[in-house]
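Close look at the chain arrangement
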Amino acid sequence: MSDPLSANVPAAASSSPLARPVESLPSCAPLGAACPAVTLDLYLPDTLRDVERAAAAPLPAHTLMARAGAAVAEWLYGRLPALASAGRQPVLLLAGPGNNGGDAYVAARELHRRGVLVDVWQLAPPTADDARWALADALAAGVPVRPAPAIWPQPSAYAWIVDGLFGIGLSRPLEGAAATLVDHIVDAHAQGTPVLAIDIPSGLAAATGVAAGPTICADVTMAMLGASPGLFTGVGRDVAGEVFVATLGAEEALIAARAALPADRIIATTAPDAFVAHLPQRHHASHKGSYGALALLGGHEGMIGAPLLSARTGLMTGAGRVYVGFVAHDAPAWDPVHPELMLRHAENLDLSTMQAVSIGPGLGTSAASAACLSRALALEHTPLVIDADALNLLAAEPSLAERVRRRAGPTVLTPHPLEAARLAGCDVARIQSDRLASARALAQHFGATIVLKGSGSVIDDGTRAWINTTGNAGLATAGTGDVLTGAIGALLAQGMPATQAALTAVWLHGRAAERCVCAGAGPAGLTASELLPAMRAELTDLLNKATHATPFVQ
């Protein structure tokens, strides 16, 4: 395949009269290291099963499976090393008992017909009609199929491994022979053998991104019909690799399924089309007051740097004026790095003149800290970002939490999993067991937009959810959360709605980390301060593209 971002997969020929030749497939829509220009709809497993039934109903038997296996084979054939494409190094395909195994049988048949050596290891005989047909067709074509052996060959024996063990329906940890086989695949992958997963890496929960037991680590995942949320949050971001979606000609069924979903079940990835229409535009006939005043509140003794990081980010993401209100009495009078910032003691800052307030970085949990948060909550209509110790105060003081619930103005809460657990009155494991559900519960409880930070940050406004696909491990360092808080506050001060401000800031935050790593800074050793000019550069790119109405291409 010449184009690495699309696949025009021809129909799979078959000796079975039940599987008539199918038309060429539509392109696979890619989502991977290059962040997409548009949001990608995500589907929970039950919705994808409904789509599959609706798409299959008017088609000849086994058509969708034939298309899925052909898509895998076509994509993989274009990426085989010369030895493999010449039939001198085999490809290993693992087949489970369900339809994922059926897809693997079809893929093996198609590769075999192209002269590629294939080994198919069967974890268990197929239990689904489509999979039984696919196995029979593969055997008739001369594909070697055998039970998975107890002894693993040399990891370098195979050019690629295709994971067709378990699909999106898996809801329990793998054990027994399946767990042992997955452990072997993980070891082979660690030693350099590339892995392609069909639908989802086996062992990963499609709805949540949780991996409670042994889990395949893939270089590429090809999701059939639509992608599941678990590929993009939690452990999913580490094990799914580059994700492609093969819609298999089921676009009408996908559109109908999405239209039938209630608003509170719509999930998508983040991308500029979710927020670009709300970006604050810059005009010649404007001044600093045109872009809002932002106050950053925090900075207890020993934690002065946190609000300074937030405030510096506020400047670099476009706020017209930025103030810092410190809780500490021995706080600095000016910032030598950014003397444009206006530093005050928190008690001396007139919050009523601000277009947005961000509170929490370095705030502490003292009585003075609680009083500072109480002052911020007295602003009934001012957009408010609540982060860090301000969230811990909400968890500890029900009366403060109730005031958040009663606010009339926009509110954004930005907890990491431990802060979210404190707010929800549970443990971190409960939050991480279903990040989407956790964010939704907090959003509805507080009447706020929630940014549940972590691998695949979840943004939820109580009715819609998004999973962010930008960023990398460089963000796992002190201060990066303070940077995000300043960016959300700055966008709110410039007039963006709360949800769009959160989506924009989270996306920019991740893109900045990617930009830094591409330039050689990190991920190990990347500092929060290094994100600031990169975020400004990313925002500038967005604004330039929006101004010139240029498509968002990467």
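Counting of residues starts from 1 at the beginning of each chain's written sequence and follows it residue by residue. Selection of residues for local features in this predicted model requires a pLDDT of at least 70, selection of side-chain atom pairs for listing and counting requires 80 or more, and totals for whole chains, interfaces and linings are taken over all residues. As a rule here, side-chain values cover all heavy atoms of the structure and leave hydrogens and water aside.

1. A closer look at the overall build of the protein chain
Check the secondary structure of the protein chain and you find 18 helices and 19 strands. Radius of gyration means the value over C-alpha atoms here, while the globule rule gives 2.2 Å times the residue count to the 0.38 power. Computed over its C-alpha atoms, the radius of gyration of the protein chain comes to 26 Å, within 12% of the 24 Å expected for a compact globule of 554 residues. Dimensions of the protein chain, computed from C-alpha atoms along their principal axes, come out at roughly 80 × 50 × 45 Å. The buried share among the 554 residues of the protein chain stands at 55%. A total accessible area of about 21100 Å² is found for the protein chain, and carbon and sulfur atoms account for 56% of it. By the counting scheme adopted, Arg and Lys are positive, Glu and Asp are negative, and His together with the chain ends is not counted. Charged side chains are reduced to one point each, which is NZ for Lys, CZ for Arg, CG for Asp and CD for Glu. Here the protein chain carries 35 positive and 46 negative side-chain charges, and the mean point of each set is 3 Å from the other. We count a stretch as a helix when DSSP gives it H or I for four or more residues in a row; a strand needs E for two or more, and each element gets its number in order from the N terminus. Any residue under 20% of the maximum accessible area for its type is buried, any over 50% is exposed, and the rest in between are partly exposed; the area is computed with a 1.4 Å probe on protein chains only. For the accessible areas, the method is Shrake-Rupley and the probe is 1.4 Å, while residue cover comes only from the protein chains on display.

2. Examining the nonpolar core
If you look at the biggest cluster of nonpolar residues, it comprises 105 residues, and the most contacted ones within it are Val-91, Trp-160, Leu-231, Ile-359, Ile-386, Leu-394 and Leu-413. Counting residues per element, this core draws most heavily on helix 2 (residues 63–77), which supplies nine residues. For the domain bounds, the source is a domain assignment made automatically or taken from a database. Two domains each donate at least three residues to this core, and these are domain 1 (19–261) and domain 2 (272–276 + 289–547). Contact between two residues is taken to exist if any of their heavy atoms lie within 4.5 Å; hydrogens are not considered. Discounting chain neighbours no more than four positions away, the residues touching Ile-386 are Ile-359, Leu-377, Leu-391, Leu-394, Val-404, Thr-411, Val-412, Leu-413 and Thr-414. Nonpolar core, defined: a set of buried Ala, Val, Leu, Ile, Met, Phe, Trp, Tyr and Cys residues in which side-chain atoms within 4.5 Å join the residues together. Leu-294, Val-385, Trp-466 and Leu-492 belong to the second-largest nonpolar core, a separate cluster that totals 53 residues.

3. Considering the domain arrangement of the protein chain
Examined at the domain level, the protein chain breaks down into domain 1 (19–261) and domain 2 (272–276 + 289–547). Taken residue by residue, the interface counts 16 residues in domain 1 and 19 residues in domain 2. Carbon and sulfur atoms supply 53% of the area buried between domain 1 and domain 2, which totals about 1300 Å² over both sides. Any Lys or Arg side-chain nitrogen located within 4 Å of an Asp or Glu carboxyl oxygen qualifies as a salt bridge. Counting every contact that joins domain 1 to domain 2 gives zero salt bridges. Polar contact is the term for a pair of N or O atoms within 3.5 Å; when the atoms are in protein, one must be able to donate a hydrogen and the other to accept it, and sequence-neighboring residues count only if both atoms are side-chain atoms. Inspection of the domain 1/domain 2 interface yields eight residue pairs in polar contact (both at pLDDT 80 or more). Ten residues, namely Ala, Val, Leu, Ile, Met, Phe, Trp, Tyr, Cys and Pro, are considered nonpolar, four, namely Asp, Glu, Lys and Arg, are considered charged, and the remaining ones, Gly among them, are considered polar. When the residues that make up the side of domain 1 that touches domain 2 are grouped by side-chain class, the tally is ten nonpolar, four polar and two charged. Buried area adds together the accessible area that both of two parts lose upon being put together, with accessible area traced by a 1.4 Å probe.

4. Thoughts on helix 4 (residues 99–113)
Helices are assigned an expected span. That span is 1.5 Å times one less than the residue count. Counted at 1.5 Å a residue, the expected span for helix 4 with its 15 residues is 21 Å, and the 21 Å between its end C-alpha atoms agrees. Of all 15 residues making up helix 4, twelve are buried, and the element is well covered by its neighbours. Buried within helix 4 we find Asn-100, Gly-101, Gly-102, Asp-103, Ala-104, Tyr-105, Val-106, Ala-107, Ala-108, Arg-109, Glu-110 and Leu-111. Downstream of helix 4 by a residue or two, Gly-115 has a phi angle that is positive, lying close to 90°.

5. Section: the UniProt feature "binding site: AMP" (unreviewed entry) in the protein chain
UniProt positions are given in the numbering used here, feature names are shortened, and annotations may be inferred rather than shown by experiment. Summarizing the sequence annotation, UniProt attributes the feature "binding site: AMP" (unreviewed entry) to Lys-453, Gly-454, Ser-455, Gly-456, Ser-457 and Gly-481 in the numbering used throughout. In terms of the greatest pairwise C-alpha distance, the residues named above, spread along 29 residues, form a tight cluster of at most 14.3 Å across. Within the fold, Lys-453 resides in the loop between strand 17 (449–452) and strand 18 (458–460). If we skip the residues at most four places from it in the chain, Lys-453 touches Asp-387, Thr-414, Pro-415, His-416, Pro-417, Arg-435, Gly-481 and Leu-484. Reaching out from Lys-453, the side chain makes a polar contact with the side chain of Asp-387 at a distance of 3.4 Å. Relative to the helices and strands, Gly-454 is located in the loop between strand 17 and strand 18.

6. Considerations on the sheet that holds strand 15 (residues 384–386)
Whenever strands of a sheet pair, they do so through backbone hydrogen bonds, lying parallel or antiparallel. The strand order 2-10-19-18-17-16-15-14-11-12-13 describes an open sheet built from eleven strands, whose pairing is mixed. Sheet topology places strand 2 (41–42) and strand 13 (342–345) at the edges, where each strand pairs with a single neighbour. Here strand 2 pairs with strand 10 (residues 267–269) via two bridges, running antiparallel. Across the sheet, residue Leu-42 finds its bridge partner in strand 10, namely Ile-267. The pairing criterion is simple: DSSP has to find at least two bridges between the two strands.

7. Things to note about the packing of helix 9 (residues 305–316) against helix 16 (residues 480–493)
Here an angle of 0 to 180 degrees is reported between the N-to-C directions of two axes, which are lines fitted to C-alpha atoms, with helices fitted over the stretch in contact. Packing of helix 9 against helix 16 brings their axes to within 7 Å, and their N-to-C directions diverge by 40°. Considering the angle they form, helix 9 stands oblique to helix 16. The element helix 9 and its partner helix 16 pack so that their crossing is right-handed. Residue-level inspection shows Ala-306, Leu-309, Ser-310, Thr-313 and Gly-314 of helix 9 in contact with helix 16, the latter providing Asp-482, Val-483, Thr-485, Gly-486, Ala-487 and Ala-490. Working rule for angles: under 35 degrees goes down as roughly parallel, over 145 as roughly antiparallel, 65 to 115 as roughly perpendicular, anything else as oblique. Crossings are classed by handedness, with left-handed meaning an anticlockwise turn of the near helix from the far one by less than a right angle and right-handed meaning a clockwise turn.

8. Concerning the UniProt feature "domain: YjeF C-terminal" (unreviewed entry) in the protein chain
Feature annotation in UniProt assigns "domain: YjeF C-terminal" (unreviewed entry) to the following positions: residues 271–542. Helix makes up 43% of residues 271–542 and strand 13%. Its end C-alpha atoms lie 11 Å apart.

9. Side note on the packing of aromatic side chains
A pair of aromatic rings is counted whenever rings of Phe, Tyr or Trp (Trp by its six-membered ring) have centres within 6.5 Å, and the orientation is called stacked for planes under 30 degrees apart, edge-to-face for over 60 and tilted otherwise. Scanning all chains against the criterion turns up four aromatic pairs. Criterion for a charge above a ring: Lys NZ or Arg CZ within 6 Å of the ring centre, and within 35 degrees of the ring normal. Over the ring of Tyr-77 we find Arg-114; its NZ or CZ atom is 4.8 Å from the centre of that ring. Its guanidinium or amino end placed over the ring of Tyr-291, Arg-282 lies 3.6 Å from that ring's centre, counting from NZ or CZ.

10. A look at the pattern of salt bridges
According to the stated counting rule, one finds 16 salt bridges in the structure shown. For the salt bridge of Arg-53 with Asp-50, the shortest nitrogen-to-oxygen distance reads 2.4 Å. Taken together, the residues Arg-53 and Asp-50, both in helix 1 (residues 45–56) and three residues apart, mark about one turn of the helix. Classification of Asp-50 as partly exposed rests on a relative accessible area of 41%. Residues Asp-387 and Lys-453 are paired through a salt bridge, measuring 3.4 Å at the closest nitrogen-oxygen approach. With Asp-387 in the loop between strand 15 and helix 11 (388–396) and Lys-453 in the loop between strand 17 and strand 18, this residue pair connects regions lying 66 residues apart in the sequence. According to the relative accessible area criterion, Lys-453 is buried, its value standing at 14%. Linked through salt bridges whose partners overlap, the residues forming this network are Arg-511, Glu-514, Arg-515, Glu-538 and Asp-541.

11. Regarding the state of the cysteines
We call a pair of cysteine sulfur atoms a disulfide when they lie within 2.5 Å. Under the criterion given, the structure shown has zero disulfides. Looking at Cys-217, it has no disulfide partner, and the nearest cysteine sulfur is the one in Cys-518, 20 Å off. Look at Cys-217 and you get partly exposed, because its relative accessible area is 22%. No disulfide involves Cys-516; its sulfur sits 9.4 Å from the nearest other cysteine sulfur, which is in Cys-518.

12. Quick notes on the side chain of Glu-538
Turning to its location among the elements, Glu-538 is positioned in helix 18 (residues 528–547). Excluding anything up to four places from it in sequence, Glu-538 contacts Trp-507, Leu-508, Arg-511, Ala-512 and Arg-515.

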